[in-house]
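Below are the chains, spelled out letter by letter.
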Amino acid sequence: MLTILLIWLYISFLSFVLGFTFLSFVKKTDLIEGQISESFSFISIVGFSVIATITGYYSLFDKVGLLLNSFLFSFSILSTIIYKKEINKIVTQLISNIKNTPNILLLLYPTVLLLILVKSTDQPIYGDTGLYHAQCIKWINEYKVVPGLGNFHGRFAFNNHSFLVEALFSFSFMKTHTFHLVNSYLAILFSFTLIHQMGKSLIGSDKYGIIWIGLLYLYRHYFNIHLSSPAADIFSTTLIWFIFIIFIETIQEAKLNFSFNLFSIILLSVFSITVKISSLFILLLPAIILIKIFSKNLYKTYLFAFFIALFFAIPFFIRNLFLSGYLIYPVPYLNIFSFDWKIPVEQVTFMKDLLYSWTKTWSYEPGIEQPFSKWFPIWFKRQLLFDLILLSFATVSPIILILYQVITKKIDSIMKSELLIITISFAGILFWFFTAPDFRYAIAFLCINVLFTIFIVYKTSEKLFINDCNRVFTISKIKDILKPIKFCTLYFCFFLLILAFSRSILLSPVKRILMNNILLPEKYEQAKLKKITGSNYSYFVPYGARWPFCWNSDLPCSPDRIGNHIELRGDTIETGFRHK
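Residues numbered from 1 in each chain as written. Predicted model: local features only at pLDDT ≥ 70, side-chain atom pairs only at ≥ 80, totals over all residues. Heavy atoms only, no water.

A. Expanded view of the overall build of the protein chain. The helix and strand inventory of the protein chain stands at 23 helices and four strands. Counting all 580 residues of the protein chain, 56% fall into the buried class. Taking all contacts inside the protein chain whose residues are at least 6 apart in sequence as the whole, residues at least 24 apart take part in 73%. Per element, the accessible surface of the protein chain, about 26,200 Å² overall, is 66% carbon and sulfur. (Helix = DSSP H or I, 4+ residues; strand = E, 2+ residues; numbered from the N terminus. Buried < 20%, exposed > 50% of the residue type's maximum accessible area, 1.4 Å probe, protein only. Contact = heavy atoms within 4.5 Å. Areas by Shrake-Rupley, 256 points an atom, 1.4 Å probe, with all protein chains shown as cover.)

Here it is in structure tokens:
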């Protein structure tokens, strides 16, 4: 646990300082309006995108480990000295925000921190982590990008850029322990941001308290047991929710312009696609905002933002070309290159169809696309009740919005922004449902859609109630009556949150943690391996377990036996793999 805290501090330092340094560079161009946000969390999440981009370019030439960590740490120290005054101001503001938090919410900070710390000591149990997450990260740690790695195993060509950040902060070069703490740190950053937003709701400077409470509960509900895993789903969901929070902060400004918040939304939206392709529809948010504020006077700013976003995306496409031979994998339609390490289009189509079919029926029949009437009943029976309730509510959200418009007969400018969030999230849900309907791919859009729909219903009901009561009381009198009711409701919800998090802590294996994990978290499961001789190389295959997972085993390790049709392109693994 002590090591976890130190690594979290290191991640916090690098992400914040690099994020601030990057935004300071952008500010010097005088192309973005306003000032850099003083939010520690907003700057840090931008810092993660900067770290992933730098690591992506670096991975094209060398393995990710000690050298890159040393460079980024040294650069961050130098930046801290240069921007000492500005950084000190933001850190001071952060401490002040925490001190000024209402007393009941102050209890949430240590409760949430302790729960995440406890869960971070767990051994990763996420199935896909054993199948390919840990191995993908290990390949990044031990080799520069390997051409045709997807030929060795199809899932090793999945180019989730969160793996780059995980590899950087794994400290595998220490040879004693491989850490996987990025998702747990993001959980702290996100949870503390929500608690701060709740505090603003209590003092009346933020009206979205019901949404922040809901997000914190749902975050605990869905990701509690997987915080120790380097799964890209957790990273992606956290990133999307941060984007929506930044947008909420932006629309509360007097004027919507090309501010640093909007610039951050553009970058983070592009970054989210490199983490998980299922995040695709988040791009609608910056696109719609840019169209709305379009002006000929901003063409230089638009071009600047475009080229910066492109710079952030380029390593994603280049790594895809190396790993699979395709710009986006597994998308067989983008079959425009002819590298000798290119995965055959039939294998890419197989992987795409396997993902789509498996998420619908947990089975796969080659060449057969099952109709909705056949796969939906199978899919429906396997879902949890809570997930189905969320999906049902999201499904009827368009009807709720139509009724809202009919009842109110007008939509004010603020509500238009909330309707935009619901529309974008609904588009993301539709895309998810008809492609690969595994709930972990849609948690970000589902939760946002449901919570903002509830928010609009709540606000509409409040307005109608005030209008009806206005016949008897003055509006100010009505608001005075409602204010303590709102406060009591919020305080009750905060109390329930504290109970929920406390219960999760009490259910944790305290004895195991105190005996074994005071210094270090649990290691990956150790797979039993047998050595197999391939066409011109040897590799490992797991055996003796229920599932053929390599976890963090020595390279090269494949969950399945590989035929002799795959060979090395040269004399070493670093040269890559290809079909004969």
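Still to come is the rest of the account.
B. Highlighting the pairing of strand 2 (residues 538-542). Bridge analysis of strand 1 (residues 529-533) against strand 2 gives five bridges, and the strand direction is antiparallel. Following the sheet pairing, Leu-529 is matched in strand 2 by Pro-542. Between strand 1 and strand 2, which pair antiparallel and follow one another directly, the connecting turn spans four residues. (Pairing = 2+ DSSP bridges.)

C. Layout of the environment of Leu-60. One can find Leu-60 in the loop between helix 2 (40-58) and helix 3 (66-82). Exposure remark for Leu-60: the relative accessible area of 13% places this residue in the buried category. It is 7.3 Å that separates the C-alpha atoms of Leu-60 and Arg-319, two residues lying 259 residues apart in sequence. Leave out the neighbours within four places in its chain, and Leu-60 touches Lys-144, Val-145, Ile-318, Arg-319 and Phe-322.

D. Layout of the pattern of salt bridges. All chains considered together, the criterion is met by 12 salt bridges. Between Lys-352 and Asp-353 there is a salt bridge, and its shortest N-O distance comes to 2.9 Å. A residue is classified by how much of its surface remains accessible, and Lys-352, at 11% relative accessible area, is buried. Residue Asp-353 is classed as partly exposed on the basis of its relative accessible area of 23%. Across the salt bridge formed by Arg-578 and Glu-567, the nearest N and O atoms sit 3.0 Å from each other. Placement of the pair is Arg-578 in strand 4 (residues 577-579) and Glu-567 in strand 3 (residues 566-568), with a sequence separation of 11 residues. Several salt bridges converge on common partners, so that one network encompasses Asp-128, Asp-233, Lys-276, Asp-438 and Arg-440. (Salt bridge = Lys/Arg side-chain N within 4 Å of Asp/Glu carboxyl O.)

E. Here's a closer look at the nonpolar core. In terms of nonpolar packing, the biggest core is built from 180 residues, with Phe-22, Leu-108, Trp-241, Phe-258, Phe-263 and Phe-577 touching the most fellow members. Per element, the largest residue contribution to this core is 14 residues, and it comes from helix 12 (residues 232-251). Every residue in contact with Phe-258, bar those within four places of it in the chain, is listed here: Ile-32, Glu-33, Phe-263, Ile-266, Leu-290, Ile-293, Thr-301, Tyr-302 and Ala-305. (Core = buried A, V, L, I, M, F, W, Y, C linked by side-chain atoms within 4.5 Å.)

F. Just unusual backbone geometry, in detail. Omega for the peptide link from Tyr-329 to Pro-330 comes to 0 degrees, which places this bond in the cis form. When you line up the elements, Pro-330 lands in the loop between helix 15 (299-323) and helix 16 (345-361). With omega at -10 degrees, the peptide bond leading from Leu-555 into Pro-556 counts as cis. Looking at the element boundaries, Pro-556 is found in the loop between strand 2 and strand 3. At Asp-30, a position not held by glycine, the phi torsion is positive, near 60 degrees. Within the element layout of this structure, Asp-30 appears in the loop between helix 1 (2-27) and helix 2. Judged by relative accessible area, which is 67%, Asp-30 ranks as exposed. Here the phi dihedral of Trp-551 falls at roughly 55 degrees; this positive angle occurs in a residue that is not glycine. If you trace the backbone, Trp-551 turns up in the loop between strand 2 and strand 3.

G. Main features of a nonpolar patch on the surface. A cluster of nonpolar side chains, Tyr-299, Leu-303, Phe-306, Phe-307, Leu-310 and Ile-314, forms an exposed patch at the surface whose accessible area comes to about 580 Å². Examined against the element boundaries, Phe-307 turns out to sit in helix 15. (Patch = residues over 30% accessible without salt bridge, like charges linked within 9 Å, V, L, I, M, F, W, Y side chains within 5 Å.)

H. Main features of the layout of surface pockets. Space inside the second largest pocket adds up to approximately 990 Å³. As for the second largest pocket, its lining consists of 36 residues, and the residues nearest its centre are Ser-39, Phe-40, Ser-41, Leu-94 and Thr-193. Secondary structure elements with two or more residues in the lining of the second largest pocket: helix 1, helix 2, helix 4 (84-99), helix 6 (108-120), helix 10 (182-202) and helix 13 (260-275). Among the elements that line the lining of the second largest pocket, the one with the most residues is helix 10, at eight residues. A breakdown of the residues in the lining of the second largest pocket according to their chemical character gives 18 nonpolar, 13 polar and five charged. (1 Å grid on protein atoms, 1.4 Å probe; cavity = no way out; pocket = protein on both sides within 12 Å on 5 of 7 lines; lining within 4 Å. Points joined across faces, edges and corners; volume = space filled by probe spheres on them. Nonpolar A, V, L, I, M, F, W, Y, C, P; charged D, E, K, R; others polar.)

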